[in-house]
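A look at the structure
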Amino acid sequence: QSFPFLSLILFVILSIGTRNAPDMSRAVRFNAQQAVLIDIGLILPTLFSEGLADVDVPRVYAEVGCNFTYYAYMSAIIYCVTMNLRGKKPDQLPFLSNYAEMM
């Protein structure tokens, strides 16, 4: 709360600052771009739920959506951390890894 725009600043630094940095290793650039894409993947359900704020969604569906988002996000993080600790590139996340490789 003391730094309200810190997450936005870090997002911009990771997304723009790592694209054309030849002195940075390829693995670090890949991980930074993948982190940005995972963050975008987490922002989209939030925007969707805020768009449905006026619609009365049954609690069962809202809980399932929140739980799915949380489990998918945590699974991606655990996978990436585990693969990095093993010294391997975490490039098996569907769609995200391909886009991170293209960036």
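This section reports on the structure supplied with the text. Model, not experiment: these values are computed from the prediction.

Reading guide: rules and limits
- Residues numbered from 1 in each chain as written.
- Predicted model: local features only at pLDDT ≥ 70, side-chain atom pairs only at ≥ 80, totals over all residues.
- Heavy atoms only, no water.
- Helix = DSSP H or I, 4+ residues; strand = E, 2+ residues; numbered from the N terminus.
- Rg over C-alpha atoms; globule rule 2.2 N^0.38 Å.
- Buried < 20%, exposed > 50% of the residue type's maximum accessible area, 1.4 Å probe, protein only.
- Contact = heavy atoms within 4.5 Å.
- Areas by Shrake-Rupley, 256 points an atom, 1.4 Å probe, with all protein chains shown as cover.
- Lys, Arg positive; Asp, Glu negative; His and termini not counted.
- Charge placed at Lys NZ, Arg CZ, Asp CG, Glu CD.
- Axes fitted to C-alpha atoms, helices over the stretch in contact; angles between N-to-C directions.
- Parallel < 35°, antiparallel > 145°, perpendicular 65-115°, else oblique.
- Left-handed = near helix turned anticlockwise from the far one by under 90°.
- Nonpolar A, V, L, I, M, F, W, Y, C, P; charged D, E, K, R; others polar.
- Salt bridge = Lys/Arg side-chain N within 4 Å of Asp/Glu carboxyl O.

1. What about the overall build of the protein?
Of regular secondary structure, the protein possesses 4 helices and 0 strands. Walking the protein from its N terminus toward its C terminus, one meets helices and strands in the order α-α-α-α. Taken against the 2.2 N^0.38 rule, which gives 13 Å for 103 residues, the C-alpha radius of gyration of the protein at 16 Å runs more than 25% over that of a compact globule. Counting only C-alpha atoms and orienting by the principal axes, one finds that the protein spans roughly 50 × 30 × 25 Å. By the burial criterion, 17% of the 103 residues in the protein qualify as buried. Looking at the protein alone, contacts between residues at least 24 apart form 57% of all its contacts between residues at least 6 apart. Working note: accessible area of the protein is about 8000 Å², and carbon and sulfur atoms make up 67% of it. Averaging the coordinates of the 7 positive side-chain charges in the protein and doing the same for the 8 negative ones gives two points 15 Å apart.

2. Focus on the packing of helix H1 (residues 6-17) against helix H2 (residues 26-51)
Their axes nearest at 8 Å, the elements H1 and H2 cross at an angle of 130 degrees. In terms of their interaxial angle, H1 and H2 are classed as oblique. In this structure, H1 meets H2 at a crossing whose hand is left-handed. Of the residues in H2, those touching H1 at Phe11, Leu14 and Ser15 are Ala32, Gln33, Val36, Asp39 and Ile40. The residue makeup of the contact of H1 with H2, split by class, is 5 nonpolar, 2 polar and 1 charged.

3. Some details on the packing of H2 against helix H3 (residues 59-85)
For the pair H2 and H3, the least separation of the axes is 10 Å and the interaxial angle reads 170 degrees. Relative to H3, H2 is oriented roughly antiparallel. For the pair H2 and H3, contact is made by Asn31, Gln34, Ile38, Leu42 and Pro45 and by Thr69, Tyr73, Ala76, Cys80 and Asn84, respectively. Residues belonging to the contact of H2 with H3 are distributed by class as follows: 6 nonpolar, 4 polar and no charged.

4. Remarks on the side chain of glutamine 34
Looking at the element boundaries, glutamine 34 is found in helix H2. For glutamine 34, a relative accessible area of 1% translates into the label buried. Setting aside anything within four residues of it in sequence, one finds glutamine 34 in contact with Cys80, Pro90, Leu93, Ser97 and Ala100.

5. Notes on the pattern of salt bridges
Evaluated as defined, the whole model comprises 1 salt bridge. In this structure, glutamate 63 and arginine 59 form a salt bridge, with 2.7 Å as the shortest nitrogen-oxygen distance. One end of the pair is glutamate 63 and the other is arginine 59, both in helix H3 and 4 residues apart, which spans about a single turn.

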